[in-house]
Amino acid sequence: MGMYLTTTDDVIRARGILLLGELLTHLASKPLDDATIHSMLAFFTDRLADWKALRGALVGCLALLRRKSSGGVITTNDAKAVAQSYIQNLQVQSLAQHDRKLCFELLECLLQRYPDAVVSLGEDLLYAICEAIDGEKDPHCLMLTFHIVEVAAELFSDDLLANFASDLFEILGCYFPIHFTHSKAEDFDVKRDDLSRALMAAFSSTSLFEPFAIPLLLEKLSSSLQSAKVDSLKYLSHCTVKYGADRIEKHAKAMWSSIKDAIYSSHEPTLSFASESLDGVGFRDNVILTESLNLLDTVFKQNSGLFLSWIIGDEDINLIFKSISSFKTYKEISLQSKQKLHAVGSILSVSAKASPAACNSVMESFFPCLMHPLGLSVGNSTQDCFPNDGNVLRGKLNHGALYLCIELMTACRELMASSEEFKSVAAPANERWYCLLQSYSASLAKALRSTLETSANEDSYETNVYFGVKGLLILGTFSGGSLIISNSIFENILLTFTSIIISEFENTLLWKLALKALVHIGSFIDRFNESEKALSYMDVVIEKIVSLASSHDFSMPFPLKLEAISEIGATGRNYLLKIVQGLEEAVCANLYEVLVHGNPKSAEVVVQLLECYSNKVLPRIHEIGGFEEVLLRFAVNIWNLIEKSVTFSSQVHEKGLLDATMKAMKLAVGSCSVESQNIVFQKAFTVLSLGTYFPLEDAASNIPILLNEFQLTQETSISSSREAWICSLFASVIIAARPQTHIPNVRLVIRLFMTTLLKGNVPAAQALGSMVNKLGLKSNGTEVHGNCTLEEAMDIIFDSKLWSFNDSVTLRSNGGLENGSSIGLTDICRGATNIRSLQVHAIAGLAWIGKGLLMRGHEKVKDITMTFIECLLSNSKLGSFSLEQDYSENSSESVVKYAADAFKILMGDSEDCLSRKLHATIRPLYKQRFYSTIMPILQSLIIKSNSSFSRSILCRACAHIISDTPLIVVLNDAKTVIPILMDGLSILSNDVSDKDIVYSLLLVLSGILTDKNGKTIGQEAVIECAHIIIDHSIILISYPHMMLVRETAIQCLVAMSKLPHARIYPMRREVLQAISRALDDPKRAVRQEAVRCRQAWASTASRSLYF
Amino acid sequence: MVSGLINANPVVYEKKERRARSASSCVNDEYAAEQIDQQEVFDHVRDIKDPEHPYSLEELKVITEDAIEVDDERSYVRVTFTPTVEHCSMATVIGLCLRVKLMRSLPPRFKVDIMVAPGTHATEAAVNKQLNDKERVAAALENPNLVDMVDECLAPTFD
């Protein structure tokens, strides 16, 4: 292509060279021989002079310079030639942005990959760099520019650089502070922070910049712009590290005063006393403050002697200390002094934290000054530490001094925790700060405790309590065994907190703070392995707290007790163990009380205990792990309890109690391993088979169980309550079982559940569903479940005729019944008997079984759904018939309703059963599959149906399915779904009890309307049905039973206003009228939505108000 | 007409934090009514843009929450606004914006009075009369230029 590269036509030549360059970029790893590379590079280098075809040359040079070592690289001489040509020919700043970027990339590449070649060029190159980067403005290029400076500064020797330092810095300096106003949309890849960081690296690249940089930064520190301030603080601390102590020393004085100013001015004037800030600084979100403290920390570490002398000699600080005795209570301190006080506190704490030596001097010079206003003396024995000063006795400590004292102690604690040398026990004993603290610790602890005794109506109560708790907390969390704080003091502290927890529950703030402090101490002990303290913690705190649960003292509100228990239990493994045990004992004791003696108070307690157990403690156990035996024991203990209590009192009918027990049982068993579950099963099964009423022998044989009306109606008799408990609990164990767990005697269990299910026992149905969900298939060949496979279970459930009836039950003559005397579950569903409740229960049971099958993707679920549909249809005939006859009786109508609601069970997600937590087998996309098989059937039935009643029932079933299917699937056939959806909305909105399903349907609708992705499919359907949608939404705007329905309806209308103008204009008047009514809605959220909607619709036509 | 801005350099105040409503018992009760109150009306008008500056009326302290009077039972609202300068010829436009916004946001049963705060405007009485005269408001809204201007000012309130 020689001609194209050398032709005199600019455009063609440029294109030709660019093509060659691009080509080389893509051939980066292809081996080329040296001669080719050399001649190519020579060509491109030459071409750099050709400004009209520059881009190609730049791309080519870059490509060659960046070649991987595997494909042949260019020599140093060549690189040097490129650099020379660059210096001679390129006027970077006169080029366009993209070319400039390429130029900088080339330069960067040269500096990074061929340092030998470039260094030899020396001054020329530096000069070229200065020239090139001067006045650059584009953020992308700037990033490169800053980097170039950084690399160059590392590369060249100091002597050489010294001549250029001021020039270079002049160029760089004007970029500081970075002021970046681009909006987010453009320049997506370069952000202000990136630029700022790159510039910081450039600033600190060589210590030669120091005479220029530090004054500039200090000057900008006094700027009023927040970001400039933060940036200069960051830069300063970064540069301090890079430039080295010697160079910084000159500026130290100036830096100190600026830092001091910054800290003084940035402090918030008030301190929050919320319990959240107990372990933190309290004002963490103040960026300037944190940055300036950072900087102080850096400079302090570098040159601590100098700074220390300044801090100790500082007038302001000393002034504060002098005036400290006037700061009696926190509220009396003026805002200004408060600000200063806080600043001093943070300065001192930073300096004390820096090193042990610094800590020594700070503590020595300031700590005694603080002790005096606090009225404390060196107290070695705990007896005489109460000074004569009446202040302390009255529980009034000087708040200013207290604050500083706490800051200092925190600093000491952090110093101790952070420095390695204190891990050995002996070391800190020699330090002076340490002795100082030790000598005061006893009296301090005492004094702090006395602050806690103030009563709540004092005006400085908050401050007192906060400081008191915080001080004690810090004393309690000194690491290093019992060196500073003797064991007795530590135990005293714990005692104080514990007694607060137990007795001061009316004092909310104090109680919360104390609890928080105890939690902190607990987790501190756990983290640092303080064995001695752990012992006392266990003795003092845990024992007391655990005893709370079982105590019969009802003066303390129970929820508070539980909060304390669960919070403290969360701090460490051993404590959790102890607390779980305590809880368990309490649960068992109270449960026994309820079951046998029927103590209603215990019932209340036990429900709360169980809720705490399953909601707070169990998740924590999961987090820590390895608590299996505890869970196992819990489950077995409850079963033991049930076994023990042969007669149940009548009080156990409280619904909440059984539910709570079942939930705890499910969760506990669910997190056990297979082996433990087996043990639980054995235990449970023995209890179950000992049950007195249970016709196990009958069930074992294949004789149909005799049902009679009496047996079915005695659902809540006292004699059966124990059986109901056992059965429900056994069901919950089964629900929680893992698929591999061995369930003893499956056939029998299935029969049992089948029978109880007909009495309306939902857990039994859920257990059946869970069993068919988890049972192994025959084809697996594994005999995991011992003696029963899924097929057998299905046989029992569906095909065997389990029940027979005596004469009092009239069987409906039904073609399906040949035998006439014994029937199965599906027959009952189809209405083989005339007992309504029986049918309803059978339907619910079948629905749960169906759900289990559906989730594992078994094809039998089709039969079940067909049963339901049959149910819907057969009864709808009767339903229309009974509508004419006697509406009040409406027995079959509600049966149909139940059948329709069965679809909700099939599709819905349930917490109680068949969830991931309870080890259900879940086939991916099972909902989608079911939806796509069932919807066409239902749709065709709706079209065929002739009575309004059957139509409404079918719509109801559809509504359940639609609202539980993922939106994407529904969206795909929006066209057919929307009419059904609309029908469903209008039918369901007639009944108050259906408001939840109305809402979830409406959510599907608004999902379809607002969906962005499925625009083509969804939108078409929506446009087609616009009229119906708007009509129905208008009706729902006045839906009286649920605010969310009204709000969502209005949102749907807003979405509709975006449709093509011609389609919606005819409806405009109606909509606006409906909305102006909604403006007067009782709920505020609806009114706000209405305003937006009205605006959206009003502006579809002329903008005026008058329509 | 004066060319250029009437108040070239207004004092801009900070926006108040949008107060979260304290959760009252109404939240749980589906049928309890929440009355239209001062804060709600203020929320309607606070974001109206000033006709000549890119600031909201709240930022310029033209309206404050205290200057709104609401009586839900008797369906009455009175808004008192304070023009930034005494001779502000924009006062009528601001008033018109307030009126239009409230007409569109409140139920039709409400009677709305818009007033200039006493002593803050040179031609106070005239402005008040103009703003509360149904005919004149209707006539003003027939003027396409005026309607466009009002709509522009109201645009931020519907976000």
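Calculation rules
- Residues numbered from 1 in each chain as written.
- Chains lettered and ligands numbered in written order.
- Predicted model: local features only at pLDDT ≥ 70, side-chain atom pairs only at ≥ 80, totals over all residues.
- Heavy atoms only, no water.
- Helix = DSSP H or I, 4+ residues; strand = E, 2+ residues; numbered from the N terminus.
- Buried < 20%, exposed > 50% of the residue type's maximum accessible area, 1.4 Å probe, protein only.
- Contact = heavy atoms within 4.5 Å.
- Areas by Shrake-Rupley, 256 points an atom, 1.4 Å probe, with all protein chains shown as cover.
- Core = buried A, V, L, I, M, F, W, Y, C linked by side-chain atoms within 4.5 Å.
- Pairing = 2+ DSSP bridges.
- Axes fitted to C-alpha atoms, helices over the stretch in contact; angles between N-to-C directions.
- Salt bridge = Lys/Arg side-chain N within 4 Å of Asp/Glu carboxyl O.
- Parallel < 35°, antiparallel > 145°, perpendicular 65-115°, else oblique.
- Left-handed = near helix turned anticlockwise from the far one by under 90°.
- Buried area = accessible area lost by both parts, 1.4 Å probe.
- Polar contact = N/O pair within 3.5 Å; in protein donor to acceptor, adjacent residues only side chain to side chain.
- Nonpolar A, V, L, I, M, F, W, Y, C, P; charged D, E, K, R; others polar.
- Patch = residues over 30% accessible without salt bridge, like charges linked within 9 Å, V, L, I, M, F, W, Y side chains within 5 Å.
- Lys, Arg positive; Asp, Glu negative; His and termini not counted.
- Charge placed at Lys NZ, Arg CZ, Asp CG, Glu CD.

## A look at the overall build of chain B
Part 1 of the argument: Within chain B, the secondary structure is distributed over 5 helices and 3 strands.
Part 2 of the argument: The order of α-helices and β-strands along chain B, N terminus first, is α-β-β-α-β-α-α-α.
Part 3 of the argument: A buried classification covers 48% of the 159 residues belonging to chain B.
Part 4 of the argument: In chain B, of all internal contacts separated by at least 6 residues, the share reaching a separation of at least 24 is 67%.
Part 5 of the argument: Approximately 8600 Å² of chain B is accessible, and the part contributed by carbon and sulfur atoms is 50%.

## A short note on the overall build of chain A
Part 1 of the argument: Within chain A, the secondary structure is distributed over 54 helices and 3 strands.
Part 2 of the argument: Scored against the burial criterion, the 1107 residues of chain A give a buried share of 56%.
Part 3 of the argument: The long-range share in chain A, meaning contacts at least 24 apart out of those at least 6 apart in sequence, stands at 76%.
Part 4 of the argument: Carbon and sulfur atoms make up 53% of the accessible area of chain A, which amounts to about 46600 Å² in all.

## Focus on helix 8 (residues 123-133) of chain A
Part 1 of the argument: For helix 8 of chain A, the full list of buried residues reads L125, L126, A128, I129, C130, A132 and I133 of chain A.
Part 2 of the argument: On its buried face, helix 8 of chain A is in contact with helix 5 (76-89), helix 6 (97-113), helix 7 (115-119), helix 9 (139-155) and helix 10 (158-173) of chain A.

## Section: the nonpolar core
Part 1 of the argument: Grouped together as the largest cluster of nonpolar side chains are 381 residues, with contacts concentrated most on F203 and F753 of chain A.
Part 2 of the argument: Apart from residues lying up to four places away in sequence, F203 of chain A is in contact with F169, L172, G173, F176, F209, A213, L216, L217, Y235, C239 and Y243 of chain A.

## A closer look at the sheet that holds strand 1 (residues 68-71) of chain B
Residue and element names in this part refer to chain B.
Part 1 of the argument: Across the sheet, 3 strands lie side by side as 1-2-3; this open sheet has mixed pairing. Every other strand in the sheet has two partners, leaving strand 1 and strand 3 (111-116) as the edge strands with one partner each. Ignoring which end each strand starts from, the neighbouring axes of this sheet average 10° apart.
Part 2 of the argument: Bridge count between strand 1 and strand 2 (residues 76-81): 4 bridges; the pairing is antiparallel. The residue bridging I68 from the neighbouring strand is V79, located in strand 2.
Part 3 of the argument: Seen against the sheet, helix 1 (residues 38-45) touches strand 1 and strand 2 and runs at an angle of roughly 125° to strand 1.

## Comments concerning the pattern of salt bridges
Part 1 of the argument: Under the defined criterion, the tally for this structure stands at 15 salt bridges over all chains.
Part 2 of the argument: Here D113 of chain B makes a salt bridge to K111 of chain B, at a shortest N to O gap of 3.0 Å.
Part 3 of the argument: Among the ionic contacts, a cluster of salt bridges with common partners joins R1084 and R1087 of chain A together with D37 and E40 of chain B.

## Considering the packing of helix 2 (residues 91-105) of chain B against helix 3 (residues 124-131) of chain B
Residue and element names in this part refer to chain B.
Part 1 of the argument: At their nearest, the axes of helix 2 and helix 3 sit 10 Å apart, and the two run at 30° to each other. Relative to helix 3, the element helix 2 is oriented roughly parallel. Crossing hand, helix 2 versus helix 3: right-handed. Contacts between helix 2 and helix 3 pair A91, T92, G95, L96 and R99 from the former with V127, Q130 and L131 from the latter.

## Details of the interface of chain B and chain A
Part 1 of the argument: The interface of chain B with chain A comprises 25 residues on the first partner and 20 residues on the second.
Part 2 of the argument: The junction of chain B with chain A conceals about 2100 Å² of combined surface from both sides, 48% of it contributed by carbon and sulfur atoms.
Part 3 of the argument: The largest per-residue losses of area from chain B upon contact with chain A belong to E30, E34 and R104 of chain B, which jointly make up 30% of the total buried on that side.
Part 4 of the argument: Between the two partners, chain B and chain A, sit 4 salt bridges.
Part 5 of the argument: Notably, a salt bridge pairs R1084 of chain A with D37 of chain B, separated by 3.6 Å at the nearest N-O pair.
Part 6 of the argument: Connecting chain B to chain A are 9 residue pairs in polar contact (both at pLDDT 80 or more).
Part 7 of the argument: Contributing elements (two or more residues each) for the side of chain B that touches chain A: helix 1, helix 2 and helix 4 (134-142) of chain B.
Part 8 of the argument: Looking at the side of chain B that touches chain A, its residues break down into 12 nonpolar, 3 polar and 10 charged.

## Concerning a negative patch on the surface
Part 1 of the argument: A contiguous patch of negative charge on the surface is contributed by E131, D134, D167 and E170 of chain A.
Part 2 of the argument: A relative accessible area of 37% places D167 of chain A in the partly exposed class.

## Observations regarding the side chain of D994 of chain A
All names here are of chain A.
Part 1 of the argument: Examined against the element boundaries, D994 turns out to sit in the loop between helix 47 (974-988) and helix 48 (995-1010).
Part 2 of the argument: Classification of D994 as buried rests on a relative accessible area of 7%.
Part 3 of the argument: In contact with D994, not counting residues within four places along its chain, are R956 and L988.

Any link to function would need more than the numbers given here.
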